[in-house]
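Each chain, written out:
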Amino acid sequence: MPNDFFRFKQFTVWQDRCAMKVNTDGVLLGAWTRYANALRILDIGTGTGVLAMIAAQRNQRAVIDALEIDPRSADQAKENAASCPWPRRINVFNTDVRNWRPPEGYDLVICNPPFYKDHNVSHDPRTATAKHDVELGLDQLVHEADRFCTPHGRVCMILPIDRLSEIKSIAA
């Protein structure tokens, strides 16, 4: 059983109420993403809020909007953001990305998406939504991310290698 929290150098992420726990994929995405010159960042499917907090730590000027469809995870992400060193720059919203209507575009959209496809879907609906693309397919996720980007905006996400040809086709 995972710990109820995950401690980083500058912040702690509580995860006992989240469907998706802090994981290697998310931490690597947070470390690999280039945040320079991004003043507005959108984190789709924030879960615990870990990517939003990494973004705030790595870019001291950015304002981050973090979206989470699961109410319990969104509440915990709000609490995590409120207790981190950058609470004024992280806004967590309990909403479906397909219903999000931001007042302006984003310079960077980050997402550790629910990337399992054609695998055994979890019997727990919260876990299924967090890990499997049953609620939000990759094609729709890419469409939504593109809709939010400014003309020079970027989308950064992490996917397993077996989805490489699919993402290339969608992005084309």
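Residues numbered from 1 in each chain as written. Predicted model: local features only at pLDDT ≥ 70, side-chain atom pairs only at ≥ 80, totals over all residues. Heavy atoms only, no water.

Visitor: Just checking my understanding: could you explain the sheet that holds strand E7 (residues 149–157) for this structure?
Guide: Pairing between sheet strands relies on hydrogen bonds along the backbone, with the strands arranged either parallel or antiparallel. Taken together, five strands build an open sheet; the order of strands is E5-E4-E3-E6-E7 and the sheet is parallel. Looking along the sheet, the strands with just one partner apiece sit at the ends: strand E5 (90–94) and E7. Adjacent strand axes in the sheet meet at a mean angle of 20°, parallel and antiparallel pairs treated alike. Relative to strand E4 (residues 63–68), strand E3 (residues 40–44) runs parallel, the two being bridged by five bridges. Bridged to leucine 42 within E4 is aspartate 65. (Pairing = 2+ DSSP bridges. Helix = DSSP H or I, 4+ residues; strand = E, 2+ residues; numbered from the N terminus. Axes fitted to C-alpha atoms, helices over the stretch in contact; angles between N-to-C directions.)

Visitor: I tried to follow the packing of aromatic side chains on my own but got confused; where do I start?
Guide: Each aromatic ring pair is described using two quantities: the centre-to-centre distance and the angle formed by the ring planes. For the structure on display, the rule yields six aromatic pairs. Between phenylalanine 5 and tryptophan 14, the aromatic rings sit 5.2 Å apart at their centres with planes inclined by 50°, giving tilted as the arrangement. Look at phenylalanine 5 and you get partly exposed, because its relative accessible area is 29%. Ring geometry for phenylalanine 6 and phenylalanine 8: centres 4.9 Å apart, planes at 50°, overall tilted. By relative accessible area, which is 19% here, phenylalanine 8 ends up buried. Its end group placed over the ring of tyrosine 106, arginine 40 keeps NZ or CZ at 4.4 Å from the ring centre. (Phe/Tyr/Trp six-rings, centres within 6.5 Å; stacked < 30°, edge-to-face > 60°. Buried < 20%, exposed > 50% of the residue type's maximum accessible area, 1.4 Å probe, protein only. Lys NZ or Arg CZ within 6 Å of the ring centre and 35° of its normal.)

Visitor: Please explain the pattern of salt bridges as it appears in this structure.
Guide: On inspection of all chains with the given rule, the structure shows five salt bridges. Between glutamate 79 and arginine 17 there is a salt bridge whose closest N-O contact spans 2.9 Å. Of the two residues, glutamate 79 sits in helix H3 (residues 71–83) while arginine 17 sits in the loop between strand E2 (12–14) and helix H1 (24–32), which places them 62 residues apart along the sequence. Classification of glutamate 79 as partly exposed rests on a relative accessible area of 44%. The salt bridge involving arginine 40 is made with aspartate 65; its shortest N-O contact spans 4.0 Å. Here aspartate 65 lies in strand E4 and arginine 40 lies in strand E3, a separation of 25 residues in the sequence. For the pair arginine 40 and aspartate 65, one class covers both residues: buried. (Salt bridge = Lys/Arg side-chain N within 4 Å of Asp/Glu carboxyl O.)

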